Structures are given as structure tokens and as C-alpha cells.
Amino acid sequence: MPELRQNFFSKEWVIIATERAKRPEELATHRTAPAIPAFVETCPFCPGNEGKTPAEVLRFPTGATEPWTVRVIPNKFAALSSEVQPKRTLRHLWRRIDGFGFHEVIIDSPDHSGYMALLSEAQVARILSAYRERYNALSLDQRVNHITIFKNHGADAGASMQHPHSQLIATPVIPSQVRHRLFEALRHYDDVGECMFCHVVEREIEDQVRIVLKGEHFVAMEVFAAATPFATHIFPLRHMASFGDITDMEIADLAGVLRTLLAKIYAGLENPDLNFTVRSAPAEYAGARHFHWYVSVIPRLTRVAGFELGSGMFINTVLPEAAAEFLRKVAIDKAWGATAAP
Ligand SMILES: [Zn+2]
Ligand SMILES: [Zn+2]
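What this report covers is the structure whose coordinates are included nearby. (Residues numbered from 1 in each chain as written. Chains lettered and ligands numbered in written order. Predicted model: local features only at pLDDT ≥ 70, side-chain atom pairs only at ≥ 80, totals over all residues. Heavy atoms only, no water.)

1. Focus: the coordination of the zinc ion (ligand 1)
Angles at a metal have ideal values that depend on geometry: 109.5 degrees with four tetrahedral donors, 90 or 180 degrees with six octahedral donors. To keep it simple, the criterion reads: Metal donors: N, O and S atoms at distances within 2.8 Å, or within 3.2 Å for Na, K and Ca, with water omitted from the atom set so that some sites may seem incomplete. Note on geometry labels: four donors, all angles 85 to 135 degrees, give tetrahedral; four donors become square planar and six octahedral when opposite donors are over 155 degrees apart and every other angle is between 65 and 115; remaining cases are irregular. Put simply, DSSP H or I for four residues or longer makes a helix, DSSP E for two residues or longer makes a strand, and each gets a number counted from the N terminus. Relative accessible area decides the class of each residue, using a 1.4 Å probe on protein chains only: under 20% of the type maximum gives buried, over 50% gives exposed, and in between gives partly exposed.
Taken together, the protein ligands of the zinc ion (ligand 1) are C43 (SG), C46 (SG), H112 (ND1) and H163 (ND1), with distances of 2.0 to 2.3 Å. Its four donor atoms give the zinc ion (ligand 1) angles of 106 to 118° at the centre, a pattern that matches the tetrahedral case. Taken in sequence order, the residues that donate to the zinc ion (ligand 1) follow the motif C-x2-C-x65-H-x50-H. Residue H112 is located in the loop between β7 (102-107) and α1 (121-139), and its partner H163 is located in the loop between β8 (146-153) and β9 (165-171); the two are separated by 51 residues in the primary sequence. Looking at H112, the relative accessible area reads 4%, which means it is buried.

Here it is in C-alpha cells:
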């Protein structure tokens, strides 16, 4: 029997079309893995080509003597510019803001073939530390209202450069989707007196059916009302509204959980294109009791079609519980794939 499920914070309904249900493994890409070289002479993100990118704003290790492990640079083709001021204008109903913002690229590692699922946990932890450092630095800018950190893996997920990298975009406005999520979380907090994310994490861990894996500080689970197959959320177990508050110890654990989840998706579904994004409360809500940040991982296994565009509702053909069971069974040992220096 098909079923409609409501997302507990967006309040959006999703159709879980069990009549058209697919077994999770039917969604594997069956693509032959492309042989990606570790170094490409013409790639501006590869070591030796640092002069071909804008000057770096952060590098690990800090100091210029040792070779870098992670670099952060302004995006050469930035969507927004830090050179302009966010001046607002309104004429009739047409509201505009001059295109102020920051758009940065986090180069995940010197290895051109080093997709995050294949890197060492230590390297993933360095990438997450770079996210935190830039997130906190840009949050101090009073003109910045929201920061989105994301990764596009594969052409269908929007990646235009092959060298693995992540991006950060700081905007002068809070996106309405984020506002809506904050509002629903606040309403729940006012009604019930608890963080709804903390509540969900607790119940999901009790139920187990949608849990994919759990570390000491983070848990990865399939989304109850997943709009698309294998949509997975990673929540910190400690209540935290802002990603900027993550500790070093928590970064080490998140690196393990995120890398293992990406590796399970990579191995189990044969390297599908994928996006992930850090969904944090805007900086001014750091310390808020009603919001709880998380990582949203969305493999791009299906295409958005007319019904989704027309209604905003999605039809998901894979049961989230079946997706969780499938991913739990994909075995990844600690040494899996690691290509980067430890
Ligand atoms: Zn490269
Ligand atoms: Zn919470």
C-alpha cells in the first residue's frame, strides 16, 4: 500500500510509492568506475598550480613550509562578491540587494582522485576543521546572515571541476527555506518545551529501523519522510544549534561517520553523484535551544519531474527503512579506500 509521510520540520508531504517500490540495490548506477589520475597537470587545484587560483585564505598545515593538505581559496567564478556592499532597494514589489557575499572553495586534498569516501578519516577531519574555521571567521562579518557549506560530487550533482572540493557560500539574507525550518523548530519548542531534533534522534536510536550507523558523537539515519531515495541525515548527539560550535573531538567522530556513510553509498550504490550540505542555524542563533544542526546527504539517483515541480511534493520509490537496512549491510572496514597520507 502506498503511503504519505510528513516531514517533521518542513511539514512537506512525501509519497512513498511502495507499489512502484524498488529494492535499494536496483538503484545502483552500474557505471564503470572512471579511472581518475591522482595528478592532472592542467588542474588548478592540483599541487604545483597554486598560482593559477586566487590567493588562499586558509591552508593546512598553517605556515608555508610543508606541502598543504587542505586549501581554501575564493571561488574564481564566485556567485557573490565580497567587494560590494549589500545595499537594498525596493521599487514597487521588486526587492533587490547588491550581490554581496563570500563564495569559497575548499580543496579537499592534493589528490586529484581523492573523493571524500576514499580519503583517510584524518584527512576528512582536516576538511571539516577547515569548514569550521571559515564558518566561524565569516560568521563574524555583520553583513553575513547565513552560511551554506556543501559538496557537489559528480556532474549530475553540479560539480564542474573534477578535483574533489567543497564550497561555502555566505549570503546577506537568510534563505526562506531555512527561516521556515527555524520557525517550525521554534513552534515545536514553544509547544512541547524540547528541541524536536533531539527528540527525533532519541526515538530513532530507540527504534533502530532507520539508523545506518552511530559513532560516539554522531548518528546517521535515513529520513522518515525522505523525498528522494537514500536521503540521509547525520545529527550530532549533543544539542548544538550552530555547526561553528563543533569541538575537535566531535570533528574526529563526524569524520568517521561521514566517511563511512559516503563509503557505504559509494560501494553499495556504485558511486552515484551526490550532494551533501551542512544545515546550521544562522550565526545569530548559535546557542538557540530550539534548533539543532545536521548534515544532509542526498545521492542523486532520480530526477525531479513534473509532479515535483508542480506540487513541491516528491514521490520516493525506496522505503527509507529498506534503504537503512541496505546501507547497514554494506561492509566498510576502517582502512577502506584510503588514498591520502594518514
Ligand atoms: Zn586536480
Ligand atoms: Zn537538539
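Right, picking up where we left off after that structure.
2. A closer look at the coordination of the zinc ion (ligand 2)
Taken together, C195 (SG), C198 (SG), H239 (ND1) and H292 (ND1) make up the full set of protein donors to the zinc ion (ligand 2), lying 2.0 to 2.3 Å away. One way to put it: the four donor atoms around the zinc ion (ligand 2) meet at angles of 106 to 113°, and that makes the site tetrahedral. When the donor residues of the zinc ion (ligand 2) are listed from N- to C-terminus, their spacing reads C-x2-C-x40-H-x52-H. Here C195, found in the loop between α2 (176-192) and α3 (196-207), pairs with H239, found in the loop between β12 (232-236) and α4 (248-268); they are 44 residues apart in sequence, far enough to count as distant. Classification of C195 as buried rests on a relative accessible area of 6%. The exposure class of H239 is partly exposed, given its relative accessible area of 28%.

3. Overview of the packing of α1 against α4
Note the cut-off: Between N-to-C directions, angles cover 0 to 180 degrees, with each direction set by a line fitted to C-alpha atoms, over the stretch in contact for helices. For classification purposes, an angle smaller than 35 degrees is called roughly parallel, one larger than 145 roughly antiparallel, one from 65 to 115 roughly perpendicular, and anything else oblique. Note on convention: near helix rotated counterclockwise from far helix by under a right angle means a left-handed crossing. Clockwise means right-handed. Whether two residues are in contact is decided by their heavy atoms, any of which lying within 4.5 Å being enough. Each residue is assigned to one of three groups, with Ala, Val, Leu, Ile, Met, Phe, Trp, Tyr, Cys and Pro labelled nonpolar, Asp, Glu, Lys and Arg labelled charged, and all others, Gly among them, labelled polar.
At a minimum axis distance of 8 Å, the contact between α1 and α4 shows a crossing angle of 120°. For the element pair α1 / α4, the angle class is oblique. Crossing of α1 over α4 shows right-handed handedness. Every residue of α4 that contacts α1 at E121, V124, A125, L128, S129 and R132 is listed here: D248, I251, A252, L254, A255, G256, L258 and R259. Classifying every residue of the contact of α1 with α4 by side-chain character gives eight nonpolar, two polar and four charged.

4. Comments concerning α4
The condition is simple: A helix's residues, less one, multiplied by 1.5 Å, set its expected span.
In this model, α4 (21 residues) spans 30 Å end to end at C-alpha, consistent with the 30 Å of a helix rising 1.5 Å per residue. By the criterion of burial, α4 is predominantly enclosed, with 16 of the 21 residues buried. Positive phi shows up at E270, right after α4, with a value of about 60°.

5. Some remarks on the pairing of β12
For the record, the criterion: For two strands to be treated as a pair, DSSP must find no fewer than two bridges joining them.
Most of β12 sits inside the fold, with five of its five residues counted as buried. A two-sided burial pattern is seen for β12, the buried positions comprising T232, I234 and P236 on one face and H233 and F235 on the other. The sheet contact formed by strand β11 (residues 218-222) and β12 spans five bridges and is antiparallel. Bridge pairing links M221 to H233 in β12.

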